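# Working through the structure, step by step
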Amino acid sequence: MKNNGLIIGVVIILIAVVLIGGLTAYILSNNTTSNSNTNTNLPYSNTQPSTNTETNANPPVTNASANPTTSTPKTYDVEIKNFAFSPSSLTIKKGDSVRWTNRDSVEHTATSDNNAFDSSLLSNDESFTFTFNEAGEFSYHCTPHPYMKAKIIVE
Ligand SMILES: [Cu+2]
């Protein structure tokens, strides 16, 4: 009877140990798998919004940089030097301005072939600025030296 009681006690303890050990092992494995699941899920859900914000952030940057180029008027310089306009062909946007500066000691003009603009005679280092508000190709010349020819292309 004493032996039986001991055996039953040992068996109960063994069962309890196995049950507790098994439970803790099961809980631990569940926790680690659930943790690793949430861990692997988090980086994915984190990288996806970050790549989304990156791809979303890129178009506004190009939009913001594209807007000033179309909306902000620029002033381009054309030098009159050695009896020539430099650059001889200049492409600008509607609303932009061109500033001609005479670098020669001789007087020159920047005179539109179709009377769109005329600087009149410019002496040395004198400038004339004209704003192009209409698209088109504007050929011009120098009145005292008609062989001096150039053009402004307004897009
Ligand atoms: Cu000239």
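Here goes a summary of the coordinates provided. (Residues numbered from 1 in each chain as written. Predicted model: local features only at pLDDT ≥ 70, side-chain atom pairs only at ≥ 80, totals over all residues.)

To continue, consider the overall build of the protein chain. Looking only at helices and strands, the protein chain has 1 helix and 8 strands in total. Reading the protein chain from its N terminus to its C terminus gives the helix and strand order α-β-β-β-β-β-β-β-β. The burial tally for the protein chain puts 12% of its 155 residues in the buried class. Counting contacts in the protein chain only where the partners sit at least 6 residues apart, residues at least 24 apart contribute 46% of the total. (Helix = DSSP H or I, 4+ residues; strand = E, 2+ residues; numbered from the N terminus. Buried ≥ 20, exposed ≤ 12 C-beta atoms within 10 Å, placed from the backbone. Contact = placed C-beta atoms within 7 Å.)

Take the nonpolar core next. Membership of the largest hydrophobic core comes to 14 residues, with the highest contact counts inside it found for V98, W100 and I152. Residue assignment for this core shows that the elements contributing at least two residues are strand 1 (75-80), strand 4 (97-102), strand 7 (136-141) and strand 8 (149-154). Non-local contacts of V98, meaning those with residues more than four positions away in its chain, are made with Y76, V78, L90, I92, F130, F132 and I152. (Core = buried A, V, L, I, M, F, W, Y, C linked by C-beta atoms within 7 Å.)

Our focus in this paragraph is the pairing of strand 4. Side chains V98, W100 and N102 of strand 4 all project onto a buried face; the interleaved residues S97, R99 and T101 project onto a face where none is buried. Bridge count for strand 4 against strand 6 (residues 127-131) is 5 bridges, and the pairing is antiparallel. Residue pairing in the sheet places W100 in a bridge with F128 of strand 6. (Pairing = 2+ DSSP bridges.)

Relative to the helices and strands, P87 is located in the loop between strand 2 (85-86) and strand 3 (89-92). Measuring from C-alpha to C-alpha, the distance between P87 and A150 comes to 7.9 Å, with 63 residues separating the pair along the chain.

Right, let's get into unusual backbone geometry. Look at the link from S86 to P87: it is a cis peptide, with omega at 0°. For F83, which is not a glycine, the phi torsion comes out positive at approximately 60°. Along the polypeptide, F83 turns up in the loop between strand 1 and strand 2. Residue F83 is classed as partly exposed on the basis of its C-beta count, with 13 C-beta atoms lying within 10 Å. Positive phi outside glycine occurs at N115, with the angle close to 65°. You can call N115 exposed: it has 7 C-beta atoms within 10 Å.

Bringing the pairing of strand 8 into the picture now. Across 4 bridges, strand 3 lies against strand 8 in parallel orientation. Across the sheet, the residue bridging to L90 is I152, located in strand 8. In terms of strand pairing, strand 7 meets strand 8 through 6 bridges, oriented antiparallel. For H141, the partnering residue across the bridge sits in strand 8 and is K149.

Moving on, we get to the environment of T143. Locating T143 in the fold gives a position in the loop between strand 7 and strand 8. In this structure, the C-alpha to C-alpha distance between T143 and S112, residues 31 residues apart in sequence, is 9.6 Å. Non-local contacts of T143, meaning those with residues more than four positions away in its chain, are made with T109 and T111.

On to the sheet that holds strand 8. The 4 strands are arranged 3-8-7-5 in an open sheet whose pairing can be described as mixed. Single-partner strands in this sheet number two, and they are strand 3 and strand 5 (111-112).

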